[in-house]
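The lines below spell out each chain.
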Amino acid sequence: MAVRNTRKPIGPHRRMPAQDSLWLHLDRPENLLVVTSVLWTRTPVDATRLRSLVSDRLLARYPVYLQRAVRHGGPARSVSWETDVGFDLGKHVVEQQLPAPADQAALEDFVAARRSTPFDVNRPLWTIDLLQGYRGGSALVCRTHHAMADGIRLTQVLFSLLDPVDGEAAAPHAKVGGVAPHREAVAQPVARLGAAALRALGDTGAKAQQRAARVHPALETAVALPVLGATATVGAASAVAGFLASSLDGGPRRVVDTVAAAATTVWHSATGAADLLGPSTATGLWDGEPGVDKTAAWGEPIPLAELARIGHETGTTVNDVCTALVAGALDRYFTAHGTARPDPSDPGWLIPVSLSSFDDELPATLGNHFSLVLARLPLGRRTFAERLAEVHRRVARIRDSYEPVLTFGMQYAIAQSPAPVGLALSRFFAGKAIGVLTNVPGPRTSMTLAGAEVEGVVGWAPCSGRQAVTICVFSYAGQVRFGFGTDRKLIPDPETLVAGLAAEFAAAVRGGEVA
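Residues numbered from 1 in each chain as written. Predicted model: local features only at pLDDT ≥ 70, side-chain atom pairs only at ≥ 80, totals over all residues. Heavy atoms only, no water.

Undergrad: What is the right way to look at the pairing of strand E6 (residues 126–134) in this model?
TA: Here is the key point about a regular strand: its side chains alternate between the two faces of the sheet. Judged by how many residues are buried, E6 sits mostly within the fold: 8 of 9 residues are covered. The pairing of strand E5 (residues 93–97) with E6 spans 5 bridges and is parallel. Looking across to E6, one finds that Gln96 is bridged to Leu131. With respect to chirality, the unit in which E5 leads through helix H3 (residues 104–115) into the neighbouring parallel E6 is right-handed. With 8 bridges connecting them, E6 and strand E7 (residues 137–145) associate as antiparallel partners. (Buried < 20%, exposed > 50% of the residue type's maximum accessible area, 1.4 Å probe, protein only. Helix = DSSP H or I, 4+ residues; strand = E, 2+ residues; numbered from the N terminus. Pairing = 2+ DSSP bridges. Right-handed = clockwise from strand over helix to strand, strands pointing away.)

Written as structure tokens, this is what we have:
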């Protein structure tokens, strides 16, 4: 893959931006802030060719791969990137044999061990392990600290090492990223605004009734009556407003629809912000302090065309279908382990959202330009169809909002704040979720690494705080793989999650009920 280098030279020393140094400060032995990617090839990869690729396409383009992070201490928590004058590529790209029997279980064990291993702080914060012998080919385990770049940019960096099969032009990447809300086309924007208000009121009322019921049944009744009255009032007002809007024509109708659509976006944004600032729902699931040891597991690929078919038939997206499958796998896991929920509300997940689209010309400094949004995956739904419909509704609300921009502002404020305040706020927001869920669209066609055809790819974002699991949905060459990285102390059996997802996909294909 030809690479243009039109960037201005970067000096040997530069101050690390606050939004990057934040991830260094959040590092802890129990949850290292490291992005881990794994790919494997059908035939062996030559180590000399790989090092040449890394030198030409990473080191020459992104000087941060030659720099180490130097902390300066003090209340400002300042950190700088400084060139490692003794840089040795051989210490960062290491070739070795995958231990026998060199199967997927052996590779998963190797990745798990790497997920638990901190970097040498005296060197640049990245490594590539080239493992020979994996199923007759090779495997590549790439680890990069989050301070260097966000997951989407690091994925692009990884893809830059690949070339199309037979020199063919690479298919364009799926469209990702951006900050503008994505609104679904609806015939009645005013009615949609009313429905959003009713749903929010209903959710708030249900939570209030649940809390009141824990105190006394009479208090639950006292709370239910005003909630019922408010719901009826809002419902009637929405119906009247929708009727009046539908009777308009031409310019007045377009103005009303535009205002209603904008108001819905603002409402969705406010709802998301309130959810982020409200009480945590992560309690009761995988409670406890995580340990140092981690796991890694992934399943057999699922045809992207089959996921697209399900989305087309249900009026949802491939992302919705994948997210619903993850929710089903979690539901099956909790059911199998008899996990009791002290709170019936659905647990939250942090989902990284890139604020910029895939760009062939990444900035030479890389860095972080993304936000984390909080999404609640529905548990306890009886069928996959019910789960998918609810996932679609919740994800559509996030898409039609400024939530990614708002959370990015929060992240920036946290990064700029004094150390005690920033760390406390980071733990507070990390505690809103039980884990991290990423969806990465990879190349649509087969690619090669140093002449060897790539068979599969998975990769995980790191957890923070007390989070115990990171889940990836990674598409490549018409197939989608789901990977689970867990804390061994709290979730020692990721293979159960892998099996649960396979069972959920089988149920989705046949349209059957979930066990």
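Don't stop here, the text continues.
Undergrad: Help me understand the packing of helix H9 (residues 318–337) against helix H13 (residues 494–510), please; the structure alone is not making it clear to me.
TA: For any two helices packed against each other, the geometry comes down to the angle between their axes and how far apart the axes lie. Following both chains from N to C, one finds H9 and H13 inclined at 120°, their axes separated by 8 Å at the closest point. It follows from the interaxial angle that H9 and H13 lie oblique. Crossing angle aside, the handedness with which H9 passes H13 is right-handed. Residues Ala324, Leu325, Val326, Gly328, Ala329, Leu330, Arg332, Tyr333 and His337 of H9 form the contact with H13, whose own contacting residues are Thr496, Leu497, Gly500, Leu501, Ala503, Glu504, Phe505, Ala507 and Ala508. Residue composition of the contact of H9 with H13, by class: 12 nonpolar, 4 polar and 2 charged. (Axes fitted to C-alpha atoms, helices over the stretch in contact; angles between N-to-C directions. Parallel < 35°, antiparallel > 145°, perpendicular 65-115°, else oblique. Left-handed = near helix turned anticlockwise from the far one by under 90°. Contact = heavy atoms within 4.5 Å. Nonpolar A, V, L, I, M, F, W, Y, C, P; charged D, E, K, R; others polar.)

Undergrad: How should empty space enclosed by the protein be read in this particular structure?
TA: It is the rolling of a water-molecule-sized probe over the atoms that shows where space remains empty. A complete count under the given rule lists 6 cavities of 30 Å³ or more for this structure. Approximately 350 Å³ is the volume attributed to the largest cavity. Elements supplying a minimum of two residues to the lining of the largest cavity: helix H1 (18–25), strand E11 (348–354), strand E12 (370–376), helix H11 (403–416) and helix H12 (419–430). Looking at side-chain class alone, the lining of the largest cavity contains 17 nonpolar, 5 polar and no charged residues. Reported here for the second largest cavity is a volume of approximately 150 Å³. Lining the second largest cavity are 16 residues, with Tyr65, Cys142, Thr144, Leu154 and Leu158 sitting closest to its centre. Elements represented by at least two residues in the lining of the second largest cavity include exactly strand E2 (34–41), E6, E7 and helix H4 (151–159). (1 Å grid on protein atoms, 1.4 Å probe; cavity = no way out; pocket = protein on both sides within 12 Å on 5 of 7 lines; lining within 4 Å. Points joined across faces, edges and corners; volume = space filled by probe spheres on them.)

Undergrad: Honestly, the packing of aromatic side chains in this entry has me stumped. Any pointers?
TA: Any aromatic ring pair is given by two values, namely how distant the centres are and how the planes are angled relative to each other. On inspection of all chains with the given rule, the structure shows 9 aromatic pairs. Centre to centre, the rings of Tyr62 and Tyr65 are 6.5 Å apart; their planes meet at 50°, and the pair counts as tilted. Of the two residues, Tyr62 and Tyr65, neither departs from the other in class, the shared state being buried. Three or more aromatic residues link up through ring pairs in this structure, and these residues are Trp40, Tyr134, Trp298 and Trp460. Positioned above the aromatic ring of Phe119, the side-chain terminus of Arg143 is 4.6 Å from the ring centre. (Phe/Tyr/Trp six-rings, centres within 6.5 Å; stacked < 30°, edge-to-face > 60°. Lys NZ or Arg CZ within 6 Å of the ring centre and 35° of its normal.)

Undergrad: Where do I start with helix H10 (residues 384–399) in this structure?
TA: Since the α-helix advances by 3.6 residues per turn, residues separated by three or four positions end up pointing in the same direction. Between its first and last C-alpha atoms H10 spans 22 Å; for 16 residues at 1.5 Å apiece the expected length is 22 Å, and the two agree. Listed as buried for H10 are Phe384, Arg387, Leu388, Glu390, Val391, His392, Arg394, Val395, Ala396, Arg397 and Ile398. (Expected span 1.5 Å × (residues − 1).)

Undergrad: Mind showing me how you'd approach the nonpolar core here?
TA: Within soluble globular proteins, side chains that are nonpolar tend to cluster in buried spots. Ranked by internal contacts, the top residues of the largest apolar core, which has 48 residues, are Val54, Tyr65, Trp126 and Leu449. Sort the elements by how many residues they give to this core and helix H2 (residues 47–59) lands first, with 6 residues. Discounting residues that sit within four places of it in the chain, Leu449 has contacts with Leu39, Thr41, Val45, Leu50, Leu53, Leu140, Leu161, Leu162 and Val454. Counting residues in hydrophobic clusters, the runner-up holds 38 residues, among them Ala297, Ile310, Leu379 and Val480. (Core = buried A, V, L, I, M, F, W, Y, C linked by side-chain atoms within 4.5 Å.)

Undergrad: Would you mind showing me how to read H2 here?
TA: Within the span of H2, buried status applies to Ala47, Leu50, Leu53, Val54, Arg57, Leu58 and Leu59. Burial along H2 is one-sided: seen end-on, the buried residues are contained in an arc of 155°. Residues of H2 that are exposed and point over 90 degrees away from its buried face: Thr48 and Asp56. Those residues of H2 that are buried are in contact with E5, E6, E7, H4, strand E8 (162–164) and strand E14 (447–449). The backbone nitrogen of Thr48 lies 3.2 Å from a side-chain oxygen of the residue at the head of H2, namely Asp46. (Arc of directions from axis to C-beta. Polar contact = N/O pair within 3.5 Å; in protein donor to acceptor, adjacent residues only side chain to side chain.)

Undergrad: Honestly, the sheet that holds E7 in this entry has me stumped. Any pointers?
TA: Within a beta sheet, neighbouring strands are joined by backbone hydrogen bonds and run either parallel or antiparallel to one another. In space, the 7 strands of this open sheet follow the order E5-E6-E7-E2-E15-E14-E8, with mixed pairing throughout. Each having just a single partner strand, E5 and E8 make up the two edges of the open sheet. When the angles between neighbouring strand axes are averaged without regard to direction, this sheet yields 35°. In terms of strand pairing, E2 meets E7 through 7 bridges, oriented antiparallel. Pairing of Val34 across the sheet is with His145, part of E7. Sheet strands touched by H4: E2, E7, E8 and strand E15 (452–460). Its angle to E2, the strand with the most contacts, is close to 30°.

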